[in-house]
Amino acid sequence: MNYSEINPISKRIPAKRQGAKRHYGIHPYFTRRPFNVVRDYIINYSASGDTIIDPFGGSGVTAIEAFLENRIGIQNDINPLANFIASGIIELSKVSSEDILYYLKIIEINCKNELTNISAIDESKIDIKIYQVKLPPNIKLPSNSDAERYFDLFTPSQLLSMAILKTEIDKIENPSLRHIFLLAWSSTLARINKTFISTQGRAESRGGSSIFSIYRYKLAKNIVKINPWDCFYNRFHNILRARKEMMQNIELKKAKDKWVGDFKVYRLDVEELRNLFFESADYIFTDPPYGGHISYLDLSILWNSWLGLMPSKKNYEEEIIVGGELKFTEEHYINRLKKSIKASFDILKYDRWLSIVFQHWNIEYFEAILSAAEESHAELKSAITQIGDTIWSMHKKKGKESVLAGEFILSFYKKNKIKGVKEAKQIDIKSIIIKILQNYKNDKLYAEYLLNQLVLEAWKIGIIKQLKINRDQLIELLNEAGWNYDDKNHYWCKASKSTNLFY
Ligand SMILES: C[S@@+](CC[C@H](N)C(=O)[O-])C[C@H]1O[C@@H](n2cnc3c(N)ncnc32)[C@H](O)[C@@H]1O
């Protein structure tokens, strides 16, 4: 394959979020990327047998899709929950559906009636001590949680039911099968706890945990009574469909090509991963952590603690976030972000591509990414705004025009040549924005698009370092230019020409 001649992806790829059973409905995780977009990027920028690395792998979309595309998928994440989900999905390709159904039957015989009976008992009458079950440690939760300690996240019947199920699953000897059953259990845990909030206007059992919507342990005002056995059992519907889908994918590839697909998992800080994989990746697709709002390790305690996978103190210190229990500053985040992107470029071979998903108001974050690329002799070849696909987060819904949604995919080509550093120039943000708006032919505009274009323009003319604009200034400029925010659709609409100052 001649990597230097690859045509970069130049258009938005419409996301099929629910299209793959192997990712959708198996286990929730934060900011999971649409599998079809990731897969198309992998196919475009690499070849069969290539090594594809995602240093911030999350739930494993990159490495799993790489594996299914007959490549070597390397999943890395500092969060044990992320790796547990990713490798659990891969385990599905190692077992038969008959074995899954056999063990499901055994667990049904041993647990179904007991769990159904417990669901019917008055919560105040449940005494967990009389049951022979192992409970997780009752650790302290992050300070911004509604609950103080781990057990406060559950009603007695929820805690007991989940403990009974886990005790039974732990007895499975085959590690792949045990992992798959724990995956279903862990996905059930996401619903069987007091952070589960029903979606308004839908059946009570439809909804999700506040951990994934507002990124903290907020307890529901009304606890939804979901039968844990039904919830656990229903997970297998998705698991079996995911397994079938993966096997079909693999069979199809085997029929066309020699199968070399593989998957490996690591729990290293990105800068440590560099030491292990220096200049060895053929393609990197990654989605780094977002700064504020999401403290992945704190928010994953619900799972990591009970699964016995608690991160080390070192993991907490290495996490690239703003805030969290260690109260990391924004400066610290930007510094670490830049170093980790630089490390990612070091992991990439020369004459290869790296794509990075990002979206944030703070231009310094973009600058960190773009200057790390420049220092690594990587050229920005394409920047695609994936707007229109986003599941609007609670932040977007609440913050309306001041919060960004949608993703921006930057693709770089790493060549083996030193490029001159661009000279700093004088900056006039307003005139750049006018130029972008004048060239924009639509009457609906996403603020994300405008910001992305602004960053790119600034990058092209070498003024990214001086580009400082905050959301209020951008909103003011848009208003001044005659654009109004549409509250319902979350985009900006062009007003008539008479009220438009820029035309
Ligand atoms: C935006 S998420 C990735 C989500 C992923 N794209 C998916 O589809 O699931 C960023 C990930 O970076 C991880 N992370 C944070 N700091 C890290 C570090 N220093 N080294 C490796 N991973 C880290 C977080 O645990 C989180 O899973």
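Residues numbered from 1 in each chain as written. Predicted model: local features only at pLDDT ≥ 70, side-chain atom pairs only at ≥ 80, totals over all residues.

A word on the overall build of the protein chain. When its secondary structure is counted, the protein chain shows 18 helices and twelve strands. At 24 Å, the protein chain has a C-alpha radius of gyration in line with the 23 Å of a compact globule built from 503 residues. Oriented by its inertia axes, the alpha-carbon framework of the protein chain measures out at about 75 × 55 × 40 Å. Across the 503 residues of the protein chain, 42% fall into the buried class. In the protein chain, the share of contacts with a sequence separation of at least 24, taken over all contacts with a separation of at least 6, comes to 74%. (Helix = DSSP H or I, 4+ residues; strand = E, 2+ residues; numbered from the N terminus. Rg over C-alpha atoms; globule rule 2.2 N^0.38 Å. Buried ≥ 20, exposed ≤ 12 C-beta atoms within 10 Å, placed from the backbone. Contact = placed C-beta atoms within 7 Å.)

With six of six residues buried, strand E6 (residues 281-286) is to be regarded as a mostly interior element. Relative to E6, strand E1 (residues 51-54) runs parallel, the two being bridged by two bridges. When the sheet's bridge partners are listed, Ile-52 is paired in E6 with Tyr-283. Looking at chain direction, E6 and strand E7 (residues 348-358) are connected through five bridges and run parallel. (Pairing = 2+ DSSP bridges.)

All right, on to the site of the ligand then. Taken together, 23 residues surround the ligand, and among them Phe-56, Gly-58, Ser-59, Asn-79 and Asp-287 come closest. Class assignment of the residues belonging to the shell around the ligand gives a composition of twelve nonpolar, four polar and seven charged. (Near = placed C-beta within 6 Å. Nonpolar A, V, L, I, M, F, W, Y, C, P; charged D, E, K, R; others polar.)

Let us look at the domain arrangement of the protein chain. Accessible area lost on assembly of the parts is the figure often given for the size of an interface. Split into domains, the protein chain comes out as domain 1 (95-237) and domain 2 (428-503). The C-alpha-based centres of domain 1 and domain 2 are spaced at 47 Å. (Domains from an automatic or database assignment.)

So, about the nonpolar core. By size, the foremost hydrophobic cluster in this structure holds 127 residues, and its most contacted members are Ile-52, Ile-369 and Val-455. Looking at this core, the element that brings in the most residues is helix H17 (residues 447-460), giving nine residues. Taken domain by domain, this core gets at least three of its residues from each of domain 1 (95-237) and domain 2 (428-503). Excluding anything up to four places from it in sequence, Ile-369 contacts Ile-341, Ile-356, Phe-358 and Leu-410. (Core = buried A, V, L, I, M, F, W, Y, C linked by C-beta atoms within 7 Å.)

Let's shift gears to the packing of helix H4 (residues 97-120) against helix H5 (residues 156-169). Orientation of H4 relative to H5, taken along the N-to-C sense of each, is 175 degrees, at an axis distance of 10 Å. The angle between H4 and H5 falls in the class roughly antiparallel. Across the interface between the two elements, Ile-107, Asn-110, Cys-111, Glu-114, Leu-115, Ile-118 and Ser-119 of H4 pack against Ser-157, Leu-160, Ser-161, Ile-164, Leu-165, Glu-168 and Ile-169 of H5. Taken together, the residues that form the contact of H4 with H5 break down as eight nonpolar, four polar and two charged. (Axes fitted to C-alpha atoms, helices over the stretch in contact; angles between N-to-C directions. Parallel < 35°, antiparallel > 145°, perpendicular 65-115°, else oblique.)

Among the residues of helix H1 (residues 35-45), those classed as buried are Phe-35, Val-37, Val-38, Arg-39, Tyr-41, Ile-42 and Tyr-45. Tucked into the core, H1 has its buried residues touching E1, helix H2 (61-68), E6, E7 and strand E8 (378-386).

Read from one edge of the open sheet, seven strands run E5-E2-E1-E6-E7-E9-E8, paired in mixed fashion. The open sheet has two edge strands, strand E5 (262-266) and E8, and neither has a second partner. Across the sheet, the mean angle from the axis of one strand to that of its neighbour is 15 degrees, orientation sign disregarded. Pairing analysis gives seven bridges linking E7 to strand E9 (residues 407-414), with the strands arranged antiparallel. For Ser-355, the partnering residue across the bridge sits in E9 and is Ser-411. Each of strand E2 (72-76) and E5 is contacted by helix H3 (residues 80-91), which is oriented at about 160 degrees to E5, the strand it contacts most.

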